Amino acid sequence: MEIKREAYGKAGPLEEETLKVLEAYEGRIAILSFNPESLAFFAQNAPQFHRGQNYEPSKEKSGGRKKILRAVLSQAWQARPHFFVYNNRTMPDVLLRGFSVVRHLIPYNVNSHEDYQSVSPYASNVIFERINL
C-alpha cells in the first residue's frame, strides 16, 4: 500500500484512516511512501507492517552521489524502513551496491528483460511497470 501525499509533512488524517482500514485486513501488508513522516507514523502505531521508503534521486542530481546518500539516510533515521523502493532509471549503481548490503532494495520502472537483468544483482524483488516482453 503506497501512501501518496500532496506534499511532505506531518502524518495526519490520511495515515490515521489508512491504519483503521488496515487493522481490519487479515493479509500481509507493506506500507510504502516517499514521505518519511508517514512511515514514522506506521513505525510507531503499526510496527507489525513492513515499511518501504520510496526514493527518487533525480531531485538530488545536482549534488551527485554524496548528496543522494545524505538525503536517503537523513530520511531513513525517521522512517526506519525495512526496504528501499527506488527508480530503476535514476539511482546510481554505486549506491545500490552499498544499500543492498544493509536493506532490501526494490526497484520500480522495471519494464523489460534488460531492465530486470540490470537490477537483479541488487534487488530483493522488483515492481514491473508497463512491461515489454
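In case you missed it, the structure is sitting above this.
The text that follows walks through the structure, step by step, so that each part is easy to find.

Before going further, it helps to spend a moment on helix α1 (residues 13–23). Of all the positions in α1, only Glu15, Thr18, Leu19 and Leu22 are classed as buried. Buried residues along α1 cover an arc of 100° about the axis, so they all sit on one side. Exposed side of α1, more than 90 degrees from the buried face: Pro13, Lys20 and Val21 are the residues found there.

Following both chains from N to C, one finds α1 and helix α2 (residues 36–45) inclined at 40°, their axes separated by 10 Å at the closest point. When the axes of α1 and α2 are compared, the pair comes out oblique. Regarding α1 and α2, the two cross each other, and that crossing is right-handed. Residues Glu15, Glu16, Thr18 and Leu19 of α1 touch α2, and the partners they reach there are Ser38, Phe41, Phe42 and Asn45. Here the contact of α1 with α2 is built from residues that sort into three nonpolar, three polar and two charged.

Turning our attention to the sheet that holds strand β1 (residues 2–3). Overall, parallel pairing links the five strands, which are arranged β1-β2-β3-β4-β5 in an open sheet. The strands lining the two open edges of the sheet, one partner per strand, are β1 and β5 (104–108). Looking at chain direction, β1 and strand β2 (residues 30–33) are connected through two bridges and run parallel. Paired with glutamate 2 across the two strands is leucine 32, which belongs to β2.

The next subject is the pairing of strand β3 (residues 50–55). For a regular strand, side-chain orientation follows a simple rule: the groups alternate between the two sheet faces. Counted residue by residue, β3 has five buried out of six residues, so it is predominantly covered. Across four bridges, β2 lies against β3 in parallel orientation. Bridge assignment links alanine 30 to a residue of β3, and that residue is histidine 50. In this fold, the crossover linking β2 to β3 by way of α2 has right-handed handedness.

A few words on the side chain of serine 38. Tracing the chain through its elements places serine 38 in helix α2. For serine 38, a relative accessible area of 0% gives the class buried. Side-chain polar atoms of serine 38 contact the side chain of glutamate 15, separated by 2.5 Å. Setting aside its immediate chain neighbours within four residues, serine 38 contacts Ile3, Arg5, Ala11, Glu15 and Ser33.

Moving on, we come to a nonpolar patch on the surface. A surface patch of nonpolar side chains, about 270 Å² in accessible area, is lined by Tyr116, Phe128 and Ile131. Relative to the helices and strands, tyrosine 116 resides in helix α5 (residues 113–119).

Scanning the entire structure with this criterion turns up two salt bridges. Across the pair lysine 4 and glutamate 2 runs a salt bridge, and its minimum N-O distance is 3.9 Å. Owing to a relative accessible area of 63%, lysine 4 belongs among the exposed residues under this scheme. Look at glutamate 2 and you get partly exposed, because its relative accessible area is 31%. We note a salt bridge from lysine 20 to glutamate 17, for which the minimum N-O separation is 3.2 Å. Of this pair, lysine 20 and glutamate 17 both sit in helix α1, separated by three residues, roughly a single helical turn. Residue classification places glutamate 17 among the partly exposed residues on the basis of a relative accessible area of 45%.

Parameters at a glance
Residues numbered from 1 in each chain as written. Predicted model: local features only at pLDDT ≥ 70, side-chain atom pairs only at ≥ 80, totals over all residues. Heavy atoms only, no water. Buried < 20%, exposed > 50% of the residue type's maximum accessible area, 1.4 Å probe, protein only. Helix = DSSP H or I, 4+ residues; strand = E, 2+ residues; numbered from the N terminus. Arc of directions from axis to C-beta. Axes fitted to C-alpha atoms, helices over the stretch in contact; angles between N-to-C directions. Parallel < 35°, antiparallel > 145°, perpendicular 65-115°, else oblique. Left-handed = near helix turned anticlockwise from the far one by under 90°. Contact = heavy atoms within 4.5 Å. Nonpolar A, V, L, I, M, F, W, Y, C, P; charged D, E, K, R; others polar. Pairing = 2+ DSSP bridges. Right-handed = clockwise from strand over helix to strand, strands pointing away. Polar contact = N/O pair within 3.5 Å; in protein donor to acceptor, adjacent residues only side chain to side chain. Patch = residues over 30% accessible without salt bridge, like charges linked within 9 Å, V, L, I, M, F, W, Y side chains within 5 Å. Areas by Shrake-Rupley, 256 points an atom, 1.4 Å probe, with all protein chains shown as cover. Salt bridge = Lys/Arg side-chain N within 4 Å of Asp/Glu carboxyl O.

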